[in-house]
Amino acid sequence: MADTVHSLIPRLHELLVTHLTQQASGANRVRDAFSSLAHAFLGAPQAVDVTAGLHDLVARATALGPDGAWLAAAGHASLAGMAVVRGEAERTLYHLDAAVTFGYNDCVAFHVGPVRPLHHDPRLRFVYERMRVSAADLDELYWLHQEMQIMSREAQNAAVDNIGRSDTGVSSLPAAPLPTREPDSPGVLATRIELAAVQTALQQAALKAEFQRSSGNTSLDLIDGGWDYGRVRRDAWHADELDARRERDAEARAFVERPGAGRLPGPCPPLGSIVYPVA
């Protein structure tokens, strides 16, 4: 079957989720809040060569011409992200340059911690200054990165809340809806997929942990039959309340376009001037 933009989007999402999961398993030496949480829940997944998969995706997206350019940009940006955490500066700069050539314009991503040491490199500055972004798209990019941090924090909070929970219910991890506005530049779509991958990976990790907890409680009851049914009911009610609150909070975090935000792409804010969002 011939490649299309719509057929390659799920492939990119799958590769990013796999990368996050493998990173969490310890296949990558970098360990952040998401990685530590997901490692505890997911364990070590079957190894997949994500780098090769991303190179293949870039080639297939490039073959689609202008329609697939933003997917090629996303692939290169992901390869740059993998390179920078390994300390491979030259490879990072190569892929960032290629990503921007294909239309990547996520200037917020250039301010994440691992990239900041490269800010002094004139080659990075040259790449950065080639990007163009509208005020409306910049608002969304900031929101997308902030939501990645919030989602990781919510996953950690949910894990803590479920410690010692005695019922057999299973709670999901709600996620804020992805923006549906028409962006002023297609590069924004790459970061939307990145957020979607973070959401999926964290939700999978949370569900696996929940099923393990639930089955463990069932096994304990079968072994000794010593369940405190009053406590079980209270824990279930409390969990339902927390689930409903998290669902409302996720819906309330939906991106809202700022009235009057400019739609004409222009230079990005100066390199180093953006404070990377926190949860």
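Fair warning: this is a prediction, and the values are worked out from it, not measured in the lab.

Focus on the pattern of salt bridges
Move 1: One pass over the structure, following the stated rule, counts 22 salt bridges.
Move 2: Arg 258 is paired through a salt bridge with Asp 139; the nearest N and O atoms lie 2.7 Å apart. With Arg 258 in the loop between α9 (229–252) and β2 (266–267) and Asp 139 in helix α7 (residues 135–161), the pair connects residues that are 119 residues apart, well separated along the chain.
Move 3: Two residues, Glu 257 and Arg 181, come together in a salt bridge whose shortest N-O distance is 3.4 Å. Here the residue Glu 257 occupies a position in the loop between α9 and β2, and Arg 181 occupies one in the loop between α7 and α8 (187–224), the gap between them amounting to 76 residues.
Move 4: Judged by its relative accessible area of 30%, Glu 257 is partly exposed.
Move 5: For Arg 181, a relative accessible area of 12% gives the class buried.
Move 6: When salt bridges with common partners are traced through the structure, they connect Asp 137, Glu 140, Arg 181, Asp 184, Arg 192, Glu 257 and Arg 263 into a single cluster.

Quick word on the packing of aromatic side chains
Move 1: By the definition in use, this model includes 2 aromatic pairs.
Move 2: When the centroid spacing of 5.4 Å and the interplanar angle of 65° are considered together, the rings of Phe 110 and Tyr 128 count as edge-to-face. In this pair, Phe 110 sits in the loop between α5 (89–101) and α6 (122–129) while Tyr 128 sits in helix α6, placing the two residues 18 residues apart along the sequence.
Move 3: Judged by relative accessible area, which is 2%, Phe 110 ranks as buried.
Move 4: According to the relative accessible area criterion, Tyr 128 is buried, its value standing at 2%.
Move 5: An angle of 65° between the planes, with centres 6.0 Å apart, marks the rings of Trp 143 and Phe 255 as edge-to-face. Here Phe 255 lies in the loop between α9 and β2 and Trp 143 lies in helix α7, a separation of 112 residues in the sequence. Here Trp 143 and Phe 255 have matching classes, each one buried.

Some remarks on the nonpolar core
Across soluble globular proteins, nonpolar side chains have a tendency to be buried as a group.
Move 1: With 61 residues, the main nonpolar core has Leu 12, Leu 71, Tyr 104, Phe 110, Leu 124, Tyr 128 and Met 131 as its most contacted residues.
Move 2: Looking at this core element by element, the count peaks at 10 residues for helix α4 (residues 69–85).
Move 3: With residues near it in sequence (within four places) discarded, Leu 12 still touches Leu 54, Leu 57, Leu 71, Ala 74 and Ile 193.

A word on α5
Move 1: Look at α5: 18 Å from first C-alpha to last across 13 residues, which is about the 18 Å you get at 1.5 Å a residue.
Move 2: For α5, the full list of buried residues reads Thr 92, Leu 93, His 95, Leu 96, Ala 98, Ala 99 and Val 100.
Move 3: Tucked into the core, α5 has its buried residues touching α3 (50–62), α4 and α6.
Move 4: With its phi angle positive at about 110°, Gly 103 sits one or two positions after the end of α5.

The rules behind each value
- Residues numbered from 1 in each chain as written.
- Predicted model: local features only at pLDDT ≥ 70, side-chain atom pairs only at ≥ 80, totals over all residues.
- Heavy atoms only, no water.
- Salt bridge = Lys/Arg side-chain N within 4 Å of Asp/Glu carboxyl O.
- Helix = DSSP H or I, 4+ residues; strand = E, 2+ residues; numbered from the N terminus.
- Buried < 20%, exposed > 50% of the residue type's maximum accessible area, 1.4 Å probe, protein only.
- Phe/Tyr/Trp six-rings, centres within 6.5 Å; stacked < 30°, edge-to-face > 60°.
- Core = buried A, V, L, I, M, F, W, Y, C linked by side-chain atoms within 4.5 Å.
- Contact = heavy atoms within 4.5 Å.
- Expected span 1.5 Å × (residues − 1).

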